Each structure stands twice: as C-alpha cells, then as structure tokens.
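Here are the chains, one letter per residue:
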Amino acid sequence: MSADAFVHPDEIRSMFSSAMSDMYRAEVPQYGTLLELVADVNQESLAANTELREGLERSDELGRLDVERHGAIRLGKPEELFTMRRLFAVMGMAPVGYYDLSVAGVPVHSTAFRPIDEDALRRNPFRVFTSLLRLELIEDESLRAAAEGILAKRDIFTADAIKLIDLAEKNGGLTRPEAEQFVTEALETFRWHSDATVSLETYQKMHDAHRLIADVVCFKGPHINHLTPRTLDIDAVQKGMPKRGISPKAVVEGPPTRNCPILLRQTSFKALEEQVRFVGDSGDKGASGTHTARFGEIEQRGIALTQKGRALYDTLLANVRHAVQINAGGSNARDYETELSERFAAFPDDYATLRTEDLAFFKYSPTKVGLDAAKNGEVSGTVNALVEQGYLRCDPIIYEDFLPVSAAGIFQSNLGDEAQKNYQEQSNQDVFEAALGTSVNDELALYAQTQQASIDDAFTALGLRKSVA
Ligand code: OOG
Ligand code: NI
C-alpha cells in the first residue's frame, strides 16, 4: 500500500478533535456557551491589537486558533496507558513531559499527548492531558485490592478500535474509510457512561478515599473530563463568564497578566452534577445517585521558557503560594492576585530582555532588509548582532505544554478542596514510562530544537554558514 492511500495522521487528529468537541458540546451544554464567549473575546482582541494579530499571522497561528483545544482523561491501570499511547500515535500524538501531581495531593502522575513537529502543531495542536491513577497511594489495603479488582475487569477500548490500531501499526497508516471508523471507535472510549460499574456502597468507599479514585475506578471508561479552548485574553473571558451564567474558580492559575504572556494561564468552572445509576446487589440496576466529574476550562498561552526562565517562574510562584494560600471559598483571591503581580515584577516583561537574558525561546527569520543586505554580501555576526542590525526578526515560540502546579489547582477546583491529601510517596517517572512502553519526550529539548532549526534556516537564507551564539 502506498503512503498516499493513507490519511495523514494530522488529518485524523483534526477529525478526532472535532468529533470529540461535538460530542462534548452535546454532553455538556456549557462548553458550547464557553466556545461562543471565547470566539467573541478572541475576535475583539484581534480587532483591538494589530501587533498581536500580525505576530500570530507571522507565526501562522491564526489558523489554528479556532480549532485549538486540549482535553483531559484519567486512566486506571498501566495497560490502559500503554494502549492509549498506541491510539494517540495513530493521530500523530506522542507523550511529552512527566507531571507528578502526588506532591500536590492528587494521586496520579501524567503526561500530555500532543503533536511534536512544527507543521503538525500548526495544522492542529490538539493535546490530551493523560493521568494514570497511582493505586499504591491508597493506604487502605482492602480498598486498594478492591479497586484493582474492579479495574482488572474493565476494557476501555472497543474491539474494533484495537483492530484498527493494529492495522495502522502494521500498514503504517489508515485509509479514509479505516480512519473514519477509527475516529468513531476511538470516541467510544471517551464517552460519558451514566451506568457505574459498581454499587453505590463501593462508590462511596472509593469516594471517601479520594474523589478522584471514585471517578477513575467506578466507571466503564475514562470519560473526557474537560475540553479547553484557547483564548487570547483570559482576563476578559474570566470577567465575561458570569454574564453568560458560568461561575469560574476564584483565581486564574499560572503567571499574572503581563505585556508579554509567558507559559500558560488557566481557569476552570464546575460544570455538571450527573445522574448515575449504580449496580444493584445481584448485578441488576441499583440505586441512583450523582457524580461530578466534568467541568469547563479556558487557557491563554504565552512564550515557552528556557530552563533558566522556568526556574525563575517556579521560584516566584512558590514564593507567592507560600505568602498567600487561597482559602476554600476564594475570599482572599484579591490578596493572591496582588502578591502574584508584585512578585512577578521580578520577571522581565519585554521580549528583548526575555531573549537577551536567555529566559525564553524564539523563532528567528530573516527580514527583507537582511535578505537584501545578504545579496550584497554585507551580512555577518552573531544572532544578537543580526537582530540588532534588523537582519533577523524574532517571534515567541508558544508554550505547548502544561504546568504541574496549575494542573493540581485545576484538579482541586473540580474535585473540591477537601480532596487535598498529603502523599509521602515520591514521583516515579520510571514506573510511568514502563507502563507507557516508552519514555516521554523532553519538552525543553523540543523548544530548543525549534529555536535552533529556525536559526539554521535563517542563516542559510542570509548566506551565512553557521550560527554563532
Ligand atoms: C486534568 C487537570 C489538568 C490542565 O489543563 O492543567 C489539566 C484533570 O483534571 O484530569 O487539564
Ligand atoms: Ni486542562
């Protein structure tokens, strides 16, 4: 079979992301309202800010904005993570990063499945934050054994999904009818099921141990628990939500409002209390009840930080959180925001300083002036010198990943603050990667590669042989 007969993985990802969005919209109506709000705010931001629009146009990001979203799922056992990796690979998504959330009181560790290369990101940057429950963190032994027993019995993938994954691996791709069927079958795994796999009593025991444990263990599959559109102005969305009947969490996670957005800012809202039918004593239909699992989230993305920039971010954020702990009702949200913006005054807020101090990643391209000068053989010097002379332009490389402290805040706002526990256990990337069947990609290395490749291309275009730092 020739490669042209196959649908490109980027296209399968787009088909899947769009089908997922339609499904979630039907299941969680507030998601539709949120999409409308985000589209309105994005349009206003682009109309009001020409520089922003031009920058996004230059980095080819305008096109992806309307389809850009991430989702999240929580898996129960290692085999599920292994097969999930194979399923996402069919859509050109690979695991990037390791997030240990046990340090923040959530008994999971996670990665993000996402496209990696620049073209794929530009076509559709769909990502799925994927967590694996750490059963070893359940203290009560009999409860842990019960959870293991329940999970052992479930199979979250349809037989046809598995067949199509096998086929894609064997043939190196899927034909159009196969790809269409794959999307339909894969979607089944992410669907909400109102029938629990356990009795109300078992559900409550799991729930008492941790709400997250109940969410993972008691259902047929890893229902998608949120889908997050990307906004250009999260403060405007946060403000606009109550007017559309949505009440957001007290504070926006991540860095404060800045001229030059860095990393990722996120906010969420509780979405649904869903009706659940539990299993009866003899396996028939039992009691009915409710479960809250699914919510809404919005994010704004900024420039990716280097290791040095990230270390500064982590330190400043830790200082803020040490100084002000947001209380359960969020009544001191203002104090937190003040502390956040005051502490982050120490983080340079103009692109020139972010670049020259090696705090953030940039994409370089030759300017028209630079190309003209190159024709006359007048170009030489280091990257910095070329930028100063106006021969090289630089644009921010967008952060495509997640933040563990923010993720923990999102988990907690959805699970309820009482869900916070202190786990002694240390992070365990090796165990996670063994389950995954491969190691995760290092996000910093990916950004560094993108930056370097842009420098190499720009130097070639300017007739220079090799970049000098
Ligand atoms: C995932 C929470 C993390 C994010 O955007 O940081 C997340 C979850 O609740 O399962 O999605
Ligand atoms: Ni999220």
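Just so you know, these numbers come straight off a predicted model, no measurement behind them.

Trainee: Tell me about the site of ligand 1, and name the residues and values.
Mentor: In the vicinity of ligand 1, the contacting residues are His70, Ala72, Arg74, Phe129, Asn225, His226, Gln266, Phe295, Glu297, Phe402, Ala407 and Phe411. In this structure, His70 approaches ligand 1 through a side-chain N or O atom, which is 3.0 Å from an oxygen atom. With respect to ligand 1, the side chain of Glu297 contributes an N or O atom lying 2.9 Å from an oxygen atom. The set of elements that each furnish at least two residues to the shell around ligand 1 consists of β1 (69-75), β9 (295-301) and α18 (404-415). For the shell around ligand 1, the leading source of residues is β1, giving three residues.

Trainee: Explain helix α19 (residues 429-436) residue by residue, including any values.
Mentor: For the α-helix, the turn length of 3.6 residues means that residues three or four positions removed from each other point alike. Taken together, the buried positions of α19 are Phe432, Glu433, Ala435 and Leu436. Looking straight down α19, one finds its buried side chains confined to an arc of 155 degrees; they lie on one side. Seen from the open side of α19, the exposed residues pointing more than 90 degrees away from its buried face are Asp430 and Ala434. In this structure, the buried side of α19 is in contact with α5 (78-90), β2 (94-100), β3 (108-114) and β4 (127-133).

Trainee: Outline the domain arrangement of the chain, listing residues and values.
Mentor: The parts lose accessible area when they come together, and the size of an interface is often stated as this lost area. In terms of domains, the chain is made up of domain 1 (3-303 + 400-438), domain 2 (305-358) and domain 3 (362-396 + 442-469). One C-alpha centre belongs to domain 1, the other to domain 3; they are set 37 Å apart. Across the contact, nine residues belong to domain 1 and nine residues belong to domain 3. Around 870 Å² of area is buried between domain 1 and domain 3 when both sides are counted, 56% of it from carbon and sulfur atoms. One can count two salt bridges joining domain 1 with domain 3. Here Glu118 makes a salt bridge to Lys363, at a shortest N to O gap of 2.4 Å. Applying the counting criterion to the domain 1 and domain 3 interface returns four residue pairs in polar contact (both at pLDDT 80 or more). Across the side of domain 1 that touches domain 3, the residue classes tally to three nonpolar, one polar and five charged.

Trainee: Go over the sheet that holds β1, please, and point to the residues and values.
Mentor: Spatially, five strands are ordered β2-β3-β4-β1-β5 in an open sheet, and the strand pairing comes out mixed. With one partner strand each, in any of the chains shown, β2 and β5 (226-229) form the two edges of the open sheet. With direction set aside, neighbouring strand axes in the sheet form an average angle of 20 degrees. Bridge count between β3 and β4: six bridges; the pairing is antiparallel. Within β4, the position partnered with His109 by the bridge is Leu132. The sheet strands contacting helix α1 (residues 9-27) are β1 and β5, and the helix crosses β5 at an angle near 115 degrees.

Trainee: Got a sec to walk through the packing of aromatic side chains? Specific residues and values, please.
Mentor: Taken as a whole and judged by the stated rule, the model has 17 aromatic pairs. With 5.6 Å between their ring centres and 65 degrees between their planes, Tyr98 and Phe432 make a pair best called edge-to-face. Taken together, the residues Tyr98 in strand β2 and Phe432 in helix α19 connect sequence positions 334 residues apart. Considered together, Tyr98 and Phe432 belong to a single accessibility category, that of buried residues.

Trainee: Please provide a residue-by-residue account of the coordination of the nickel ion (ligand 2), values included.
Mentor: For the nickel ion (ligand 2), the full set of protein donor atoms is His70 (NE2), His226 (NE2) and Glu297 (OE), at a range of 2.1 Å. Counting the intervening residues between successive donors of the nickel ion (ligand 2) yields the motif H-x155-H-x70-E. Residue His226 is found in strand β5, and its partner Glu297 is found in strand β9; the two are separated by 71 residues along the sequence.

Each value, and the rule that gives it
Residues numbered from 1 in each chain as written. Chains lettered and ligands numbered in written order. Predicted model: local features only at pLDDT ≥ 70, side-chain atom pairs only at ≥ 80, totals over all residues. Heavy atoms only, no water. Near = heavy atom within 4 Å. Polar contact = N/O pair within 3.5 Å; in protein donor to acceptor, adjacent residues only side chain to side chain. Helix = DSSP H or I, 4+ residues; strand = E, 2+ residues; numbered from the N terminus. Buried < 20%, exposed > 50% of the residue type's maximum accessible area, 1.4 Å probe, protein only. Arc of directions from axis to C-beta. Contact = heavy atoms within 4.5 Å. Domains from an automatic or database assignment. Buried area = accessible area lost by both parts, 1.4 Å probe. Salt bridge = Lys/Arg side-chain N within 4 Å of Asp/Glu carboxyl O. Nonpolar A, V, L, I, M, F, W, Y, C, P; charged D, E, K, R; others polar. Pairing = 2+ DSSP bridges. Axes fitted to C-alpha atoms, helices over the stretch in contact; angles between N-to-C directions. Phe/Tyr/Trp six-rings, centres within 6.5 Å; stacked < 30°, edge-to-face > 60°. Donors = N, O, S within 2.8 Å, 3.2 Å for Na, K, Ca; no water.

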